Amino acid sequence: MQLGLIGDPVHHSRSPAMMNAALAAAGLSGRYRLLPTPAEALSARLAEVRAGMAGVNVTVPHKRRVVALLDELDPVAAAIGAVNTIVNREGRLVGFNTDADGFYWALERDGLCPGEALVLGAGGAARAVVYALVARGWLVGVHNRTLERAQRLVEEVGGWLVVPQKLEKAVRRTPLLVNATSVGLGDPEASPLPPGVLPEAGAVVDLVYQPLETRLLREARAAGLAVQDGLAMLLGQGVRAFELWTGRPAPVAVMERALREGER
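Residues numbered from 1 in each chain as written. Predicted model: local features only at pLDDT ≥ 70, side-chain atom pairs only at ≥ 80, totals over all residues. Heavy atoms only, no water.

Asker: Go over the overall build of the chain with me, naming the residues and quoting the values.
Answerer: A count of helices and strands for the chain gives 10 helices and 12 strands. Structurally, the chain occupies a C-alpha span of about 50 × 40 × 30 Å along its principal axes. Buried positions account for 51% of the 264 residues belonging to the chain. Taking the contacts inside the chain whose residues are at least 6 apart along the sequence as the reference set, 63% of them involve residues at least 24 apart. Summed over its atoms, the accessible surface of the chain is roughly 11300 Å², and 50% of this surface lies on carbon and sulfur atoms. (Helix = DSSP H or I, 4+ residues; strand = E, 2+ residues; numbered from the N terminus. Buried < 20%, exposed > 50% of the residue type's maximum accessible area, 1.4 Å probe, protein only. Contact = heavy atoms within 4.5 Å. Areas by Shrake-Rupley, 256 points an atom, 1.4 Å probe, with all protein chains shown as cover.)

Asker: Provide a residue-level description of the layout of surface pockets, including the pertinent values.
Answerer: The calculated volume of the largest pocket comes to roughly 1000 Å³. Taken together, 41 residues line the largest pocket, and the ones lying closest to its centre are Val-60, Ala-125, Ala-180, Thr-181 and Ser-182. Where the lining of the largest pocket is concerned, the elements lending two or more residues are strand E3 (55-58), helix H5 (124-134) and helix H9 (230-246). Among the elements that take part in the lining of the largest pocket, H9 stands out by supplying four residues, more than any other. Here the residues of the lining of the largest pocket sort into 19 nonpolar, 17 polar and five charged. Considering only enclosed or pocket space, the second largest pocket measures out at about 230 Å³ in volume. Along its surface, the second largest pocket is lined by 13 residues, and Glu-116, Trp-160, Val-162, Lys-169 and Ala-170 are the ones closest to its centre. Where the lining of the second largest pocket is concerned, the elements lending two or more residues are strand E7 (116-120), strand E9 (160-161) and helix H7 (167-173). By residue class, the composition of the lining of the second largest pocket is seven nonpolar, two polar and four charged. (1 Å grid on protein atoms, 1.4 Å probe; cavity = no way out; pocket = protein on both sides within 12 Å on 5 of 7 lines; lining within 4 Å. Points joined across faces, edges and corners; volume = space filled by probe spheres on them. Nonpolar A, V, L, I, M, F, W, Y, C, P; charged D, E, K, R; others polar.)

Asker: Residue-level account of the pairing of strand E1 (residues 2-7), with values.
Answerer: Of all six residues making up E1, five are buried, and the element is well covered by its neighbours. Across six bridges, E1 lies against strand E2 (residues 31-36) in parallel orientation. From the neighbouring strand, Leu-3 faces E2, where its bridge partner is Tyr-32. In this fold, E1 hands off to helix H1 (residues 15-25), which returns the chain to E2; that crossover is right-handed. As paired strands, E1 and E3 are joined by four bridges and run parallel to one another. Among the inter-strand pairings, Gly-4 is bridged to a residue of E3, identified as Val-56. (Pairing = 2+ DSSP bridges. Right-handed = clockwise from strand over helix to strand, strands pointing away.)

Asker: An account of the sheet that holds strand E5 (residues 85-89) is requested, with residue identities and associated values reported.
Answerer: Whenever strands of a sheet pair, they do so through backbone hydrogen bonds, lying parallel or antiparallel. If you walk across this open sheet you meet the six strands as E2-E1-E3-E5-E6-E4, and the pairing is mixed. On the outer flanks of this sheet lie E2 and strand E4 (72-73), each paired with one strand and no other.

In structure tokens:
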């Protein structure tokens, strides 16, 4: 069973450790590998998947670009407008979005379900997060530095727009803040929020996992807020992707251990 991750860049990903551990634990032969794929090579890469792979994950910047190149979309992926998992069904490439269910699975596991949230970002990950929450009846505010992208997200997926002038007030009042931007990726001193601005109570989730403790999470923890790091959603989406590819229950504990051991 040949699996992989397409994106640009992909060198930082922990998915190979997680997925190869899962394959071994399930007694399945095969390999999950990194497949660096610049935009101009995306079509050729999908032809390679179609010809001889069971499936792939998709990461930035291709989660939306890949949609038009697939044969079929799962209803959730179609609603979100982004794909992070492709399954090869006898030469037909079917796109799924396991980010949405994976994100909510992680929230439920950690008891972080207040029913209201503020999501920072408007890319593929943010779309999945907003969809996951809105589909379950949550009240969801969306803020992005580029307001046009945020406006498009709320029109297509749901929630409401939080403009810059109201961001600080919205942050302080929200019971769950989700950073779905790339701010903090590779920079432990970067934060998507102005200095000193945090929720007054509740929890903060940061989807960035390089570094695992971002400045946002460090400051939230110091303020006494509950926090969830980016490996939680990575695990959740991986569990669902593994089950789509193999038709078997995912070895969750094995997968989480493989992800977390990279921090030791």
